[in-house]
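For reference, the chains in residue letters:
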Amino acid sequence: MSAAPVTVELRSRPAGVPPGTAAADLAATDLAGLRRLVDTARDVDVDRALARVGRAVTRPQRLEDVAALLSDAAGARLEELAAAAHALTVRRFGRTVHLFAPLYLSNECVSVCTYCGFSAGNEIARRTLAVNEVVAEARCLVDRGFRHLLLVAGEHARIISKDYLVACVEALAPFVPSLSVEVQVWDTPTYRRLVEAGCDGLVVYQETYDHDTYAATHLKGKKRNHDWRLAAPDRGAEAGMRRLGVGALLGLHADWRIEALAVAAHAQALVRWWRAEVTVAVPRLRPAAGGYEPAEPVGDRELVQLVCALRLGLPDVGISLSTREGRGLRDGLVPLGVTLMSAGSHTEPGGYAAPSEAEPQFEVSDDRSPDEVAAALRARGYDPVWKDWQRT
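Residues numbered from 1 in each chain as written. Predicted model: local features only at pLDDT ≥ 70, side-chain atom pairs only at ≥ 80, totals over all residues. Heavy atoms only, no water.

Asker: Mind laying out helix α17 (residues 370-379), listing which residues take part and the relevant values?
Answerer: Looking at α17, one finds that the buried residues are Pro370, Val373, Ala374, Ala376 and Leu377. An end-on view of α17 places all buried positions within 160° of arc, on one side of the element. In this structure, α17 carries Asp371, Arg378 and Ala379 as exposed residues pointing more than 90 degrees from its buried face. On its buried face, α17 sits against β1 (96-106), α16 (327-333), β10 (340-342) and β11 (383-385). Phi turns positive one or two residues past the end of α17, at Gly381, with a value near 85°. (Buried < 20%, exposed > 50% of the residue type's maximum accessible area, 1.4 Å probe, protein only. Helix = DSSP H or I, 4+ residues; strand = E, 2+ residues; numbered from the N terminus. Arc of directions from axis to C-beta. Contact = heavy atoms within 4.5 Å.)

Asker: Requested: an account of the packing of helix α9 (residues 162-172) against helix α10 (residues 188-197), with residues and values cited.
Answerer: Packing of α9 against α10 brings their axes to within 8 Å, and their N-to-C directions diverge by 20°. In terms of orientation, α9 lies roughly parallel with respect to α10. Of the two elements, α9 crosses α10, and the hand of that crossing is right-handed. Residues Lys162, Asp163, Leu165, Val166, Val169 and Glu170 of α9 form the contact with α10, whose own contacting residues are Thr190, Arg193, Leu194 and Ala197. (Axes fitted to C-alpha atoms, helices over the stretch in contact; angles between N-to-C directions. Parallel < 35°, antiparallel > 145°, perpendicular 65-115°, else oblique. Left-handed = near helix turned anticlockwise from the far one by under 90°.)

Asker: So what's going on with the environment of Ala173? Which residues, and what values?
Answerer: As for its position among the elements, Ala173 is in the loop between α9 and β4 (178-182). Linking Ala173 and Gly198, residues 25 residues apart in sequence, is a C-alpha distance of 5.4 Å.

Asker: Go over the side chain of Asp65 with me, naming the residues and quoting the values.
Answerer: As for its placement among the helices and strands, Asp65 is situated in helix α5 (residues 63-69). With relative accessibility at 2%, the residue Asp65 sits in the buried group. Beyond its immediate sequence surroundings of up to four residues, Asp65 is in contact with Ala49 and Arg52.

Asker: Give me the lowdown on the pattern of salt bridges, citing residues and values where you can.
Answerer: If you walk through the whole model with that rule in mind, you get 24 salt bridges. Residue Asp331 is joined to Arg368 by a salt bridge in which the shortest nitrogen-to-oxygen separation is 3.1 Å. Here Arg368 lies in the loop between β10 and α17 and Asp331 lies in helix α16, a separation of 37 residues in the sequence. For the pair shown, Asp331 and Arg368 are each scored as buried. In the salt-bridge network here, residues are joined through shared partners; they are Asp43, Asp47, Arg77 and Glu80. (Salt bridge = Lys/Arg side-chain N within 4 Å of Asp/Glu carboxyl O.)

If you want it as structure tokens, here you go:
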């Protein structure tokens, strides 16, 4: 009798990653070897990496070059990296930044994750928006200019069910041109239902690519399955998602450089396997409910180097930046490769159409309104883009 639950779990969430996927490519990548190259890289290796950027701007760089760009030798040449990243960004993306808003549907969660304000063990005010409330929040955001919304929720498969998510997408699709989801990871048929309802994007942050750190920070719930989460972008792409976003929470694992290499390798693999627009994110951990404080904070200079390395190593991959970062740093990172930004964000369910007493997922650092963010972009010579395609 005791074996039955294990059989169900293995059948619905098999161990390992499927062959012939981006997740399998990443699993086969020698990240430890690449990390050693970071420590041994010298100026000559940085020179070669920068030279190859100029010769192959339409293709991802070799991961060995990304390792060189993450090295101390490259960090000592940060202004040179920044200039190269800026030139490549303008060449590939022009002076445009796409703006989006997160719309939190629920902070209910049954997973226990040590770093998250929504973690099941935290005694916080919980709330799940009814579909009509989701529509009201979305209409408020559309009135503020947004045409791209990211639907976010905690992990509670009964309250935030497949049917609930499909109903939210169906209600928003007629007046929101672009909808993405960042929710509990699902199987391919569920993602297909979301696509058919009008969803075109999937964001899945692996949180940390290091297996030991992942196990130590995800203590309870279905999210504990590292490989099932890792292969979620593949399942979404198979279902027809045209946008795929990946990333790691910087500061969760002690070594930000190996996380950066994993993000770059994952993005490259997704580009190889799927005809989808791929973006990466570099969120730094923020204080959250339950008294959480990041144990391994990543400094501003390190973040700048990381953004430059990702831009130079992934010429055609978008880089997303959230309101976790302060206004000054966000404005400064735009010329170095950022192509997608959130603005005027609330990280709790509700808050746009009416005040909400629900607990936010994390503290927001950039509290400027969408209009203020757009004005700051224009002041720097960039064009804020609210919409880049129309659902047919």
